[in-house]
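# Descriptive analysis of the structure
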Amino acid sequence: MLKLDNVSKVYPAGKNEYAGGIRNADFNLEPGTFFTMLGPSGCGKTTTLRCIAGLEEPDKGRILLDGRPIFDGAAGVSVPMHRRNIGMVFQSYAIWPHMSVFENVAFPLKVSKAERYSTAEIDKAVHGALEVVGLGGYGARSATQLSGGQQQRIALARAIVHRPKLLLLDEPLSNLDATLREGMRTELKRLQTELGITAVYVTHDQTEALAMSDVIAVIQKGHVQQFGTPQDIYFRPANEFVAGFIGHTNILRGKSLGGSADAVTVEIGGGVRIRCHADADQRSGETVGVSIRPENIVLAGGHEVANENNNRLIGRVGSVSFLGNVLHYVVTVGDQAMQVESNPDRRFEPGSEVALSFAPRHGRVLPVA
Amino acid sequence: MANSDTRFNSISTDTQMAQRKSRNPTLWMSALLGAILTILVLPAVAILIGRSVSITNPDASFGGFTLQHFARFLTTPDVLTSTYNSIVFATLSTVVALLFGGVQAWLVERSNMRLKSLAYLTTIISLGTPYILYVGAWLFLLGRAGPVNDVYRLLTGSRGVMIDVYSMSGMVLIEGFLWSPLVFLLLSSTFRVANADLEEAARMSGANIFQTIWAVSVKMAMPAILALALFVFIRAIEAFEVPAMVGMPGGVDVLTTDVYKSIKETIPPDLGYASAYSVVLLLVVGVLLYFYGRLAKNAGKYSSITGKSFRPRPFDLGSYRWIAEALVLFNFVLLLLLPLLALLWLALQPFMRAVRLSAFPAMSLDHFRVVFASEYYRELAMNTIVVGVVAATAAIILTFFVGWLSARRKPGGVLLDQLATAPLVFPGIVMGVAFLMVFLSIPLPIYGTIWALAITYTVRYLPYGLRYSYAGILQIHKELEEAAGVAGAGPLTMLRRIMAPLLSPALVSGWLFIFLIATKELAVAALLSGPNSQVVAVGMYDLWVNGQGGELAAFGLVWAAVMTCLAFLFYALTKNKA
């Protein structure tokens, strides 16, 4: 459906320095996929989206939509944006203030060169689109009189009214308040599924990405760090950046003593050895990082006997704070501060010695970035 | 995907054609505008420089290169005198304008004084009134037989005059008065965005009113004030009305009147010398504008506007309030009421005479009758309106496209921006000289028609149009136009259906502004209008020179009334936007 073939668009800052943009983006989406590009601001996700839309021209690479090249650096092809037949929702919604709701939504049909629409057809399509986004009957209103959430829906209606094959969404929820955002998230996903449209979504919010996507690309400094399902990304992060960006995590540095993928031994500071999982068999002697999520660590008193199969580390509680559903601890293990989240039923005061235990499958061996 | 890859070859030619067909509009637009602007702007510069270093034979053929025109600067002391006069004139009138306009701007914008509307009224009416009319009125007021000297003689019993208006000090006063409304307008916007908290913080720290105004209000506005001062200084160097009407009769020559005289009062016109003079003036203004650009960049340095909810609180002047009100009232009387009364007096009297009780019975509406009945005045007005409408429309249309190409960094945008800004360095009189020579040397019968004026005005006001459209476009969120592109609209459709409607307030303001100043313009018109292409400013100047003050006043009052209506419209539009 949408294929990016080694697409690069880099904004250099001086010599070889990265100031934004994307390098060698390479992926292929099946029809109907909800695809999210996730990363911190300035990572290049929006640049990639704008390259797909035709708002930016990549430096090199190929973009194919439905098998047709809409950009091909080598062949000198660049279909201008207004002929790509893509729907897009902008971060600022970009609702034209001088037009009514109806006129805003009807615009793509009115300017269409590929097809001439009759007034009746336009009427029907616009009302249909407004109905779909839950704004039936709002057509005659002035667009600027509506609330942020409603403008968001107009933008969506405008993006889908001409039945594009691809829908691009550039942080569409970032300007909404928290409750509205959750509602819109669910609705966006429902709409996308109903319309069967392929969607490319850009966000820096990991919750949005995890909740809505079929496939996520985590991007940092112009490089795609990992491409996979939300489960892949969360449970099997490819590197320290992904592990840290999606949810919270602790990274322990150590030396790999080798082993098969599901039984790697890593020696961390002070000769302590822990058993972990990795994506592949590990060679002995390499420096690695081990990612352990705070919610996967169980705390116990320092002298309590724990499950033999789990890893066990001894530390001292530095601080504890009550967050409602969990207690959040900072525990010092050796010279490393580790975050632990545990059930508030039992509380360890600062200064007390505790044992941290976690299952080997919760320790993910990651290459050092 | 394998499937689609086999289809790839057959489709690629199709898309390549699509690309070629439709990326062109922007490039075509750039190229077309580039061609138009080059034809409009470059010949004037080229011919000016060319003529300044060449000899033109009596039969208009080329007679070789020379530096003799420039060499004359060294042999005649006139140039030094004129330059000196220009600088003194510009500096002092800037001071006068800043004092009158600046104090008033702060009081009106930031204090709790009453009578604020008087200040705006003065400003708006002065926007619509031709300079010549004002200058004429003040010349009458301050003249030998005028009421000011009358009162002086009455009080002192002397037979002399308090001020001789046809002198440098007269020029400075009148030019300063002319510019103070503009200073007021521009500085009031600076003071409006100043954060009241900062002034209140100074008061809370124990500063009194004057310490606060000096240490906070004025110091914070300093970058803007400096930029504005240089701007007024440049306009005063370029000024023509006051030097022509006050300076020339009084024997005080400045650079612009020197240029004018070498064309109008030398037979045959000394175009080489005028060109050399113009080149010097061009360089001076160019250098000054360069510094102005650097100052203007810093002008907003301390502007502290914070958000939409921002509402400045007025500054309580306490018991000093009446002084402020007296000051504004004085300004109103001096800048508006007295000139208007003087004009009314002149218009109602059969001939120019001093204000005497004995002259009241002689009042009549004869001059107004003549003005309304005369074909000549109707033609003046029509010509002026046609020229103003054509020039404002052409300049706004051109700068709409240039502004978009430049603001959105499209190919060629920077170059187009520079081309359209270039006319700024031309003082009116120099532009007049340049286009005079251009029109005389092309085979088209443009010289002497109103189209010569319309074309020259279009070029002259391109920079103003560009500022309006460029600033307007920058305020329009880029995603609004990108959304149109993604929705399937090409660049031209986008400009027509999204950009033009969204920009219309800025475009209308720009149009009105250009129309208002184009209909006042004297310097260009003085050189370019022929017997059949007279415009209001030139007509008024002739009336003044011929001593027909009565008709001048009557016609001027009618004309100014109409223009003031437009000025009100302009003001209302720009105010709503801010």
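Residues numbered from 1 in each chain as written. Chains lettered and ligands numbered in written order. Predicted model: local features only at pLDDT ≥ 70, side-chain atom pairs only at ≥ 80, totals over all residues. Heavy atoms only, no water.

### Quick notes on the nonpolar core
Note the cut-off: We define a nonpolar core as any set of buried Ala, Val, Leu, Ile, Met, Phe, Trp, Tyr and Cys residues linked to one another through side-chain atoms lying within 4.5 Å. Only protein chains enter the accessibility calculation, which uses a 1.4 Å probe. A residue is then buried if its area is under 20% of the maximum for its type, exposed if over 50%, and partly exposed in between. Put simply, DSSP H or I for four residues or longer makes a helix, DSSP E for two residues or longer makes a strand, and each gets a number counted from the N terminus. For this analysis, residues touch if any pair of their heavy atoms sits within 4.5 Å.
Val200(A) and Tyr457(B) are the most contacted members of the largest nonpolar core, which totals 228 residues. Here this core takes 15 residues from helix 20 (residues 491-518) of chain B, the largest share from any one element. In this structure, Tyr457(B) is in contact with Val387(B), Ala391(B), Ala518(B), Glu521(B), Val524(B), Ala525(B) and Val535(B), ignoring residues within four places of it in sequence. Of all hydrophobic cores here, the second largest spans 35 residues; its members include Phe102(A), Ala157(A), Val161(A) and Ile197(A).

### Looking at the domain arrangement of chain A
All names here are of chain A. Threshold: All domain edges in this entry derive from an automatic or database-based domain assignment. Here the quantity called buried area is the total loss of accessible area, with a 1.4 Å probe, experienced by two parts when brought into contact, counted for both. For this analysis, a salt bridge means a side-chain nitrogen from Lys or Arg found within 4 Å of a carboxyl oxygen belonging to Asp or Glu.
Looking at the assigned domains, one finds that chain A contains domain 1 (2-241) and domain 2 (250-367). Taking the mean C-alpha position of each, domain 1 and domain 2 sit 40 Å from one another. Contact residues are listed per partner, giving eight residues for domain 1 and eight residues for domain 2. Here domain 1 meets domain 2 over a buried area of about 720 Å², counting both sides, of which 46% is carbon and sulfur. Of all residues in domain 1, the largest losses of buried area upon contact with domain 2 belong to Tyr234, Pro237 and Glu240, amounting jointly to 69% of the total for that side. At the junction of domain 1 with domain 2, the criterion picks out one salt bridge. Of the charged contacts, one joins Glu240 and Arg253 as a salt bridge, the two residues approaching to 2.9 Å between their closest N and O atoms.

### Here we look at unusual backbone geometry
Residues other than glycine predominantly adopt negative phi, and peptide bonds predominantly adopt the trans conformation. Residue and element names in this part refer to chain A. The phi angle at Asn6 is positive, at roughly 60 degrees, despite the residue not being glycine. Relative to the helices and strands, Asn6 is located in strand 1 (residues 2-12). Despite not being glycine, Arg163 has its phi angle at roughly 50 degrees, a positive value. Here Arg163 lies in the loop between helix 4 (148-160) and strand 8 (166-170). Given a relative accessible area of 67%, Arg163 falls into the exposed group.

### Here's the deal with the environment of Thr249(A)
Residue and element names in this part refer to chain A. What counts, and what does not: Pairs of N or O atoms are called polar contacts if they sit within 3.5 Å, as long as, within protein, a hydrogen donor faces a hydrogen acceptor (for residues adjacent in sequence, only side-chain-to-side-chain pairs).
Mapped onto the fold, Thr249 is located in the loop between helix 8 (240-245) and strand 12 (250-259). Once the C-alpha coordinates of Thr249 and Arg293 are considered, the two residues, 44 residues apart in sequence, prove to be 4.4 Å apart. Contact partners of Thr249, with chain neighbours within four places excluded, come to Ala243, Gly244, Ser291, Ile292, Arg293, Pro294 and Gln339. Within the structure, Thr249 has its side chain in polar contact with the side chain of Ser291 (distance 2.7 Å). A polar atom in the side chain of Thr249 sits 3.3 Å from the backbone oxygen of Ile292.

### Concerning the interface of chain B and chain A
Defined as follows: Charged residues are taken to be Asp, Glu, Lys and Arg, nonpolar residues to be Ala, Val, Leu, Ile, Met, Phe, Trp, Tyr, Cys and Pro, and polar residues to be all remaining types, Gly included.
Each side of the interface is counted separately: chain B has 31 residues, and chain A has 43 residues. Of the roughly 3100 Å² buried where chain B meets chain A, counting both sides, 63% is carbon and sulfur surface. Where chain B meets chain A, there are one salt bridge. For Glu482(B), the salt bridge is made with Arg50(A), and the minimal N-O distance between the two is 2.6 Å. Those elements that provide at least two residues to the side of chain B that touches chain A are helix 1 (2-52), helix 19 (478-486) and helix 20 of chain B. The element best represented in the side of chain B that touches chain A is helix 1 of chain B, accounting for eleven residues. Split into classes, the residues belonging to the side of chain B that touches chain A amount to 14 nonpolar, ten polar and seven charged.

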